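Chain by chain, the residues:
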Amino acid sequence: MSLPSAHRIDFRIRRSVSSLKISRLRIRRLGILFGVLTMVPIAICGAARSIRPTQLSGYKAVPVHYGPLNKMIMSVNIDGQPANLLVDTGANQIILDASAAESLGVRPSPRGLRYIRFTEINGQLLPVGFAQSLTAGSMNFGSSPVALRNSSTGGRFSNRLEAGNPGIAGVLGLDILLRHKAVINCRTKFIFFKVDQSRQVHLASVALADKFTKVPLRREENGALTVPCSIHGQTTRLLVDTGAFVTTFNEAFVNSLGIVLQPTRASAHFTNGVSRKISAGQINDFTIGDFKVPPAKFGAVVLPSFTLEQGNTRVSGILGMDLLYKARGIIDFDSMSLFLE
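Residues numbered from 1 in each chain as written. Predicted model: local features only at pLDDT ≥ 70, side-chain atom pairs only at ≥ 80, totals over all residues. Heavy atoms only, no water.

Student: So what's going on with the overall build of the chain? Residues and values would help.
Tutor: When helices and strands are counted, the chain shows eight helices and 28 strands. Here the chain displays about 13,900 Å² of accessible surface, and carbon together with sulfur accounts for 51% of that area. (Helix = DSSP H or I, 4+ residues; strand = E, 2+ residues; numbered from the N terminus. Areas by Shrake-Rupley, 256 points an atom, 1.4 Å probe, with all protein chains shown as cover.)

This is the structure in structure tokens:
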């Protein structure tokens, strides 16, 4: 089914974007925050001005806004209380800061009323509460389990939420995005959630007509989203993470390609408290699927094993919001495709 012109989300805008089973479920989290970067990522806080919400048949549009460090933030209501969540494809589920959750009325109950055992994230067991209602704009997501993380313990979770982004209560992860077959428009500040399952919208035909390139998304055994890529003819895969503000490669992979790296003042902080310096190198022949990325400098750092090993797949880096924005990225969870232009 082709979309009428008024309904062609980002493709036209740019010219004139199951229940969750939890029982000690091992949920991967990227575990990385990049510090002050000398390769400054594109500023997108004020981008996509005067964009009006378009309609996608069978979907509801929810606006998002961008905070510092390219963070995509959605305003929601949790049990009737307003909150801000980071839209994060690097997380498998909703994670709330424990203190923020308590202020919202979401907490584990020892009597079992809202208590669903524990979930494991990066080796840490977290209690799981239950939000009776979650809404965003006109979209009602219903009830949902949420992992509760104490930010006072430090590490990447608290850094990821708070660094330059005060007032963020937690992250909105893949459980909601996949369940509602979301379409994330990284450029035009809207996420579309499917509400009419009978409607079949074929974005690929529209994307190809507008010179977008379709890249297949793959969900790994542990739930991670990855895409194929190639540098210097060496094929590998990247983790797709809207919660990461900059695209970065594993240093050993970049070194193996003979790419010269220069030190920067930036550093990467991991959940185990380790801090590592980020280098930068010019990459001129980088492709994601069949999409050719314009030559640019990219970061390289020694990534931890829990980032590199995604289920049975070894990735070589992270596809972050800087490149997703610049390439007008659209993530379609219905067709499991990434569109780039």
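Student: Which residues make up the nonpolar core, and what are the values?
Tutor: Met74, Phe193 and Phe286 are the most contacted members of the largest nonpolar core, which has 62 residues in total. Not counting the four nearest positions on each side in its chain, Phe286 is found in contact with Cys229, Ser230, Ile231, Leu238, Phe249, Phe291, Lys292, Val293, Phe298 and Leu323. Among the nonpolar cores identified, the runner-up in size contains 11 residues, and Phe190, Phe192, Leu203 and Phe212 belong to it. (Core = buried A, V, L, I, M, F, W, Y, C linked by side-chain atoms within 4.5 Å. Buried < 20%, exposed > 50% of the residue type's maximum accessible area, 1.4 Å probe, protein only. Contact = heavy atoms within 4.5 Å.)

Student: Before we move on, can you summarise the pattern of salt bridges with the specific residues and values?
Tutor: Pairing of side chains with opposite charge becomes possible as their charged atoms draw close. In total, this model carries six salt bridges according to the counting rule given. One salt bridge in this structure joins Lys194 and Asp334, with 2.9 Å as the shortest N-O distance. Taken together, the residues Lys194 in strand S13 (residues 190-194) and Asp334 in the loop between strand S27 (330-332) and strand S28 (337-340) connect sequence positions 140 residues apart. Salt bridges sharing partners connect three or more residues here, namely Lys181, Lys194 and Asp334. (Salt bridge = Lys/Arg side-chain N within 4 Å of Asp/Glu carboxyl O.)

Student: Please provide a residue-by-residue account of unusual backbone geometry, values included.
Tutor: Phi at His232 takes a positive value of approximately 55 degrees, unusual for a residue other than glycine. For His232, the location among the structural elements is in the loop between strand S16 (225-231) and strand S17 (234-240). Backbone geometry places Met336, a non-glycine residue, at a positive phi of 50 degrees. Examined against the element boundaries, Met336 turns out to sit in the loop between S27 and S28.

So yeah, pure geometry; function would need other evidence.
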